[in-house]
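Chains, contacts and geometry: an overview
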Amino acid sequence: MASGELVKRNVDVEDLPYGSALTSSGRVSAAHEFGTKSPTHLPFATQDLVALDDALIEATRATQIRFNVYVGDLGDDVAAGADEVFPGTPDAIRSVLIAVDPNHKAIEIRTGRRVSDRATARVAQLGITAAVGPFRDGNLIDGLVSSVRVMAAAIVSP
């Protein structure tokens, strides 16, 4: 799970664990296989994590809505899986979740109650449409970044 949390820290890049990156905002972004922290099973390259993290931060700043991303198994019923994951995301009531299950080739978007008037079904559909092309080409991060950016632009300029 990733989110656009804005945090400033004084972190030495040399002390970061494998699979972690220090973003330009000072935020540490890290990836690991769900349930384990194994450097041999990292799903994304550092530059991919930085690109996604930057998109999340920019979207959160522009819209004042927290954007979260979940990539993993959502179960056989991906809609129910996304519904289950969403309440556990940071600031769920004021956020947008983009949940992707690569094994089922599915994407689900959920919005919190306090932002549903701005992050509408139309905005979610735009996010899904922006992600589908890159996903088809095998570019998961590009699809997520596109989805976040398109949704943020639609929220800011309805």
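No experiment lies behind these values; they were computed from the predicted model shown.

1. Here we look at the pattern of salt bridges
Within this structure, the stated rule accounts for 3 salt bridges. Residues Arg110 and Glu108 are paired through a salt bridge, measuring 2.9 Å at the closest nitrogen-oxygen approach. On the basis of relative accessible area, Arg110 is assigned to the buried category, the value being 15%. Relative accessible area serves as the criterion here: at 18%, Glu108 is assigned to the buried category. Shared partners join several salt bridges into a network, and the residues in it are Asp83, Glu108 and Arg110.

2. Here we look at the side chain of Asp101
Relative to the elements of secondary structure, Asp101 occurs in strand S5 (residues 95-101). Despite being buried, Asp101 has no salt bridge partner; Lys105 is the closest side chain of opposite charge, sitting 11 Å away. Apart from the residues lying within four places of it in its own chain, the contact partners of Asp101 are Gly72, Asp73, Leu74, Gly75, Val78 and Ala106.

3. A closer look at the layout of surface pockets
It is the rolling of a water-molecule-sized probe over the atoms that shows where space remains empty. Taken as a whole, the second largest pocket holds about 200 Å³ of empty space. Lining the second largest pocket, in full, are Val100, Asp101, Pro102, Lys105, Ala106, Ile107, Phe135, Gly138, Asn139 and Leu140. Tallied by class, residues from the lining of the second largest pocket come to 6 nonpolar, 2 polar and 2 charged.

4. Things to note about the packing of helix H1 (residues 46-63) against helix H4 (residues 140-156)
At a closest axis distance of 9 Å, the pairing of H1 and H4 adopts a crossing angle of 10 degrees. As the angle between them shows, H1 and H4 are arranged roughly parallel. Judged by residue contacts, Asp48, Ala51, Leu52, Ala55, Leu56, Glu58, Ala59, Ala62 and Thr63 of H1 engage Ile141, Leu144, Val145, Val148, Arg149, Ala152, Ile155 and Val156 from H4. By residue class, the composition of the contact of H1 with H4 is 13 nonpolar, 1 polar and 3 charged.

5. Considerations on the nonpolar core
Residues Leu52, Phe67, Val96, Ile98, Leu144, Val148 and Met151 are the most contacted members of the largest nonpolar core, which totals 25 residues. For this core, the elements supplying multiple residues, two or more each, are H1, strand S4 (66-71), S5, strand S6 (106-111), helix H3 (121-136) and H4. The dominant element in this core, judged by the number of residues it contributes, is H4, at 8 residues. When near neighbours in sequence (up to four residues on either side) are disregarded, Met151 contacts Phe67, Val96, Ile98, Ile109, Val123, Ala124 and Gly127.

6. Brief notes about the confidence of the model for the protein
Looking at the protein as a whole, the pLDDT averages 84, with 82% of positions reaching at least 70. Ignoring residues within four places in sequence, the model shows residues 5-9, a span with pLDDT below 50, making 10 contacts including any to other chains.

Quick notes on the rules
- Residues numbered from 1 in each chain as written.
- Predicted model: local features only at pLDDT ≥ 70, side-chain atom pairs only at ≥ 80, totals over all residues.
- Heavy atoms only, no water.
- Salt bridge = Lys/Arg side-chain N within 4 Å of Asp/Glu carboxyl O.
- Buried < 20%, exposed > 50% of the residue type's maximum accessible area, 1.4 Å probe, protein only.
- Helix = DSSP H or I, 4+ residues; strand = E, 2+ residues; numbered from the N terminus.
- Lys, Arg positive; Asp, Glu negative; His and termini not counted.
- Contact = heavy atoms within 4.5 Å.
- 1 Å grid on protein atoms, 1.4 Å probe; cavity = no way out; pocket = protein on both sides within 12 Å on 5 of 7 lines; lining within 4 Å.
- Points joined across faces, edges and corners; volume = space filled by probe spheres on them.
- Nonpolar A, V, L, I, M, F, W, Y, C, P; charged D, E, K, R; others polar.
- Axes fitted to C-alpha atoms, helices over the stretch in contact; angles between N-to-C directions.
- Parallel < 35°, antiparallel > 145°, perpendicular 65-115°, else oblique.
- Core = buried A, V, L, I, M, F, W, Y, C linked by side-chain atoms within 4.5 Å.
- pLDDT = per-residue confidence, 0-100.

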